[in-house]
Each structure stands twice: as C-alpha cells, then as structure tokens.
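Survey of secondary and tertiary structure
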Amino acid sequence: MSKSRETTIVKKGRKHFHNQVLWQVHSILRRIRFNNSVGEKISFDKNGEFIGGFDIINWVTFPNQSFARVKVGTVDPTAPADKFFNISIDSITWPVGFNQALPLSLCNDPCETGYSKAKKEGKLFCCYDCHLCPEGKISKEKDMDDCSPCPEDCYPNLHQNMCIPKRITFLFYEEPLGISLTVLSLCFLLKTTLVITIFVKHKDTPIVKANNRNLTYTLLISLLLSFLCVFLFIGRPDKIVCLLRQPAFGLIFSVAVSCVLAKTFVVVLAFMATKPGSKLRKWVGGRMVSFILLSCSLVQISFCAAWLITSPPYPDFDMKSMSEEVIMECKEDSVMYYCVLGFMGFLALVSFSAAFLARKLPDSFNEAKFITFSMLVFCSVWLCFIPTYLSTKGKYMLAVEIFSMISSSAGLLVCIFSPKCFIIVMRPELNNKHQLMKRKF
C-alpha cells in the first residue's frame, strides 16, 4: 500500500481515513466477523477494538535444549459461557521434577478433613470459609462441599474425619454398678430369709399369730422374690428375660402391696368388729384376706397377660440415646405396661391412705403405724423414681429402676418386721398375749 494512502488527515479535530470519519468506520467494523488465513476468528467490539481469543500453549522442553509448543486449550470470548474456557489436562506435559500437585487458583487454603466449605458472600467462587463439621457428621477428604453423617451404629472421631463403631453396652454383672446392685440385693435377700426363719421358728408365739400368720408369710415370700427379681434386670437381655422381667416385677410387687393392704384392712376390721352388734366379725378372718389377695392378683395378672399377648417385650438396640454407645435393652413401650405400673401405684396409694387413717387405733391394733411408715417410704421411693428415671439414659435408667425396687422392698421389710423381730429375739418376755394387748411392738 502506498504511503499517501496510509496517511491520516486531521481536520477540525476529527480523524479521516480514506475520506471517512473514524466513528463511521467503527459502525462498519462492529458487523465484521470472519476467519483469517490461519483460521483465527476476527471480530471487533463496539469501540472498534479487536476481539480475540487466546490459545493456551504448553511449552515442552527436551533434553537437547529444543522445545515444542503444544496447544492444550483455548479462551474464546465469542463462545457460549460453558465453552468460554477449555483445557485438556491430559495433553499437558509437566516437567520431570514437578511434584505432581496441580496449580491452584484459590484465595484461601483448602479446607482440611473434618471441615466443609462455606461460600463467602460477595466473593468469587474460589473464596470460601471452612466450617467444622456439625455433631454427628464427618468429611473424609479435603475441600468437601458438605459433611456426611455417620451410620447409626457409628460416631465421629475427635477430628471428625472418620466414623468409629459404637460399642454395645448393657448393665453388666462385672462392672462396679452391677456389682453394687447385686451385693445390695443379696444382702436384703439374706435378711428376708433370716426374718422368715425367725417367724417360722416362733410361729406359735402371740406376736406372730396376732397379725395373721399366713398373710405375714405371703408378704415375706413376695419380698424375697422381689429381691430375686433384681437379677432379671442385670446382664445381657434376651428374649426370655425380656418376656419375664417386667411382668414378674409387676406381679410380685402387686402381691406384696396387696398383703400390706390386706393387713391394713384386717387391723381396721378387727377394731370395728369389737363394737357391740357389729356385723363385720365374719369378715375378720381369712375370708377378707383371701378376697383382697386374689382380686388384686387377678387384676394384675390380667394386665400382664394382655400385655404379653398384644405387644410382648423384645430385645432391641437403642442407637440414638447415647453418642458413643449402642444400648442393648428390652423394648417395653406398651399401654399395658403403664397399666401394670399404674395399678401397682393405685394399690400403694390405697394402702397408705387406709393405714394413715388407722394409725391412731388402740395399741393392740397398732401395726397400722408401721404400715403407714412403710408405705410412706414405698411411695416416696417411687415418686422420686419417676423424674430420675426420665432424666437418665442407657443402663443408668435400668440401674435407677433396680435401686427403686430394692429400696421400696427394703422399706417394707425394715418398717414392718424390724420391731417384731426385735421383740422375738431381744425381748422375748414381751412376746405374750398380755403384753401384746397393752404395749406397742
């Protein structure tokens, strides 16, 4: 092209090219799009400036100091957004001494294991915060978008980058808690056996016969069985144990409380029958006792039978209550289970009320005072049991129930039978009909 034709003339502050004003040339350039001789796309923007993409070149150097250029990608502003940037990782040849770590385009360090990424508001996608995984979740790899939960039978380790299997737990005989409850139950079991032996040996003495000897034996045997019932609650639960332990506990305790209730009614009826013309004398004997024991026992047996038929207890694993333990337990959630406990509580409340009302009867019928105190202990134990039981988890819930069983049974044994055993063994001179009618025992 000649020099004169390359000349640009300035006139009145405007540039002219081929007798054309430059802004007029721009309007033509905006519509131009073509490929040049080497296949490159040629186009111009609204300002008349050249729009060009880029080739990403990999320079490969050889041992003889020669090199080659290898195209591994492109940046094309005219392409759709998803094809704006294109690169082939497999086509790249890295230097021999390269540590194989890919180059990073981040404005912060990658998140370590145990953390997840959280985007920073108003920042680029490569800028983010690292948040510790929430409780129960882990991240095994770096730069995880989210943490994953552990399976139900596992829990996260301290660094929250792996899951650890939970250990199966229940109330063992070998652990301190199991040993303590076992020893405590055995101690009261031996004391109950001793009381039974004393009463059988002195069965013909006035103090034993005065308070219905057969009823006393029934109460002592039921207390003995209640202490033995503790051993159904300690150790690994299986199908048979789950079927037996709560129904056995409910039935045995109902018999024991029924005996106390029958004792209370015998005391009240015996006092009322002494009045002239009383028609209650025919109920003072064993008829009333048998009626109370049989009726209360049959009601509780009906509840237990309905429970075992409709939804019997079964061994199960509780994986949610404890974070690091799987609790092996007996699944006992049933309406009939609460009926069993509720009926036993009803009997205890009636026994306490009757004994409390009869506490001021004459001295010859003063066993009501001891029954009142024993039922006060019994009810207090089980009232404290409810909030304590609901606030504990795992095997400690079972330990609370066992301790309540032992405590309430021990309260009945000590409060009702200790004064009698003291007179029989330590003060035998008071164990006669004359002293019995005028003294408290």
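Criteria and thresholds
- Sequence positions are assigned chain by chain, starting from 1 and proceeding in written order.
- In keeping with the predicted nature of the model, local features appear solely for residues at pLDDT of at least 70, side-chain atom pairs appear and are counted solely at 80 or more, and the whole-chain, interface and lining totals rest on all residues.
- Here the side-chain values reflect all heavy atoms present in the structure, with hydrogen atoms and water set aside.
- Think of it this way: any DSSP run of H or I at least four residues long counts as a helix, any run of E at least two long counts as a strand, and we number them from the N terminus.
- Throughout, exposure labels follow a simple rule: accessible area from a 1.4 Å probe, protein chains only, divided by the maximum for the residue type, with under 20% read as buried, over 50% as exposed, and the rest as partly exposed.
- By the convention used here, residues are in contact when the closest approach between their heavy atoms is within 4.5 Å.
- All accessibility values rest on the Shrake-Rupley procedure with a 1.4 Å probe; residue burial counts only the protein chains present in the view.
- Any two strands with at least two DSSP bridges between them are considered paired.
- Here the axes come from fitting lines to C-alpha atoms, over the contacting stretch only for helices, and the angles between their N-to-C directions go from 0 to 180 degrees.
- Should a side-chain nitrogen of Lys or Arg be within 4 Å of a carboxyl oxygen of Asp or Glu, the pair is scored as a salt bridge.
- Buried Ala, Val, Leu, Ile, Met, Phe, Trp, Tyr and Cys residues that are joined via side-chain atoms within 4.5 Å together make up what is termed a nonpolar core.
- Using a 1 Å grid laid over the protein atoms alone, points where a 1.4 Å probe fits but cannot get out form a cavity; open sets with protein on both sides within 12 Å along at least 5 of 7 lines form a pocket; any residue with an atom within 4 Å of a point counts as lining.
- Grid points are joined across faces, edges and corners, and a volume is the space filled by probe spheres set on the points.
- Three classes are used, and their members are as follows: Ala, Val, Leu, Ile, Met, Phe, Trp, Tyr, Cys and Pro are nonpolar, Asp, Glu, Lys and Arg are charged, and the others, Gly among them, are polar.
- UniProt positions are given in the numbering used here, feature names are shortened, and annotations may be inferred rather than shown by experiment.
- The labels follow the angle: roughly parallel below 35 degrees, roughly antiparallel above 145, roughly perpendicular from 65 to 115, and oblique for the rest.
- It is the rotation of the near helix from the far one that decides the hand of a crossing: anticlockwise by less than a right angle makes it left-handed, clockwise makes it right-handed.

With that out of the way, let us pick up the overall build of the protein chain. Looking only at helices and strands, the protein chain features 10 helices and 18 strands. Per-residue burial over the protein chain gives 37% buried out of 441 residues. Across the protein chain, contacts joining residues at least 24 apart in sequence account for 57% of those joining residues at least 6 apart. For the protein chain, the computed accessible surface area is about 26,900 Å², with 63% contributed by carbon and sulfur atoms.

A few words now on the sheet that holds strand β9 (residues 85-87). Where strands meet in a sheet, backbone hydrogen bonds hold them as pairs that are either parallel or antiparallel. If you trace the 3 strands from one edge of the open sheet to the other, you get β7-β8-β9, paired in antiparallel fashion. Two strands lie at the open edges of the sheet, namely β7 (54-61) and β9, each paired on one side alone. Taken pair by pair, the neighbouring strands of this sheet meet at an average axis angle of 30°, ignoring direction. In terms of strand pairing, β7 meets strand β8 (residues 67-75) through 8 bridges, oriented antiparallel. The residue of β8 that forms the bridge with W59 is R69.

The next subject is the environment of M405. Looking at the secondary structure, you find M405 in helix α9 (residues 395-426). For M405, a relative accessible area of 1% puts it in the buried group. Sequence separation between M405 and V230 is 175 residues; the distance between their C-alpha atoms is 7.6 Å. Among all residues touching M405, those that are not within four sequence positions of it are S226, C229, V230, F233, F249, F253 and W382.

Time to look at the pattern of salt bridges. Under the definition given, this model contains 6 salt bridges. Between D145 and K117 there is a salt bridge, and its shortest N-O distance comes to 3.4 Å. Of the two residues, D145 is situated in the loop between β12 (137-138) and β13 (148-149) and K117 in strand β10 (residues 115-119); the sequence distance between them amounts to 28 residues. Note on D145: relative accessible area 60%, which makes it exposed. On the basis of relative accessibility, which here comes to 27%, the residue K117 falls in the partly exposed class. In this structure, R245 engages E332 in a salt bridge whose closest nitrogen and oxygen atoms are separated by 3.4 Å.

Most often, soluble globular proteins keep nonpolar side chains buried together rather than apart. If you look at the biggest cluster of nonpolar residues, it comprises 62 residues, and the most contacted ones within it are I402 and F417. Going through the elements one at a time, α2 (176-201), α3 (206-209), α4 (213-229), α5 (239-273), α6 (286-310), α7 (335-357), α8 (367-390) and α9 are the ones with two or more residues in this core. Here this core takes 14 residues from α9, the largest share from any one element. Beyond its immediate chain neighbours, meaning those up to four positions away, I402 contacts L171, L181, V230, F233 and I234.

The calculated volume of the largest pocket comes to roughly 910 Å³. Around the largest pocket sit 39 residues that line it, and Y337, L341, F385, Y389 and E401 are the ones nearest its centre. Of all elements in the fold, only α5, β18 (325-331), α7, α8 and α9 reach the threshold of two or more residues within the lining of the largest pocket. Tallied by class, the residues present in the lining of the largest pocket amount to 23 nonpolar, 7 polar and 9 charged.

Once that is clear, we can look at the UniProt feature "transmembrane region" (unreviewed entry) in the protein chain. Following the UniProt record, the feature "transmembrane region" (unreviewed entry) maps to residues 177-200, 215-235, 247-272, 284-309, 335-358, 370-390 and 396-417 here. A helix fraction of 96% and a strand fraction of 0% characterise residues 335-358, whose end C-alpha atoms lie 35 Å from each other. End C-alpha atoms of residues 396-417 are separated by 31 Å, and the span's content is 100% helix alongside 0% strand.

Now for the packing of α4 against α9. Two elements in contact, α4 and α9, have axes separated by 9 Å at closest approach and are oriented at 155°. The angle between α4 and α9 places the two elements in the roughly antiparallel class. α4 and α9 meet at a crossing whose hand is left-handed. Seen from α4, the contacting residues are T216, L219, L220, L223, S226, F227 and C229; seen from α9, they are M405, I406, S409, A410, L412, L413, I416 and F417. Broken down by class, the residue content of the contact of α4 with α9 amounts to 12 nonpolar, 3 polar and no charged.

One open sheet holds the 3 strands; their spatial order is β16-β18-β17, and the pairing between them is mixed. If you trace the sheet from one side to the other, it starts and ends with β16 (167-169) and β17 (314-318), each paired once. In this sheet, adjacent strand axes meet at a mean angle of 30° when their direction is disregarded. Judged from the 3 bridges that link them, β16 and β18 form a sheet pairing that is parallel. Its bridge partner lying in β18, I168 is registered against V326.

Another aspect to go through is the side chain of S222. One can find S222 in helix α4. Here S222 is in contact with I252, V255 and A256, once residues within four sequence places are set aside.

At a minimum axis separation of 10 Å, α2 and α9 run at an interaxial angle of 25°. It follows from the interaxial angle that α2 and α9 lie roughly parallel. In terms of crossing hand, the pair formed by α2 and α9 is left-handed. Two secondary-structure elements touch here, α2 through L177, L181, L184, S185, F188, K191, T192, V195, I198 and F199 and α9 through Y396, A399, I402, F403, I406, A410, L413, F417, K420, C421, I424 and V425. Among the residues making up the contact of α2 with α9, the classes are represented as 18 nonpolar, 2 polar and 2 charged.

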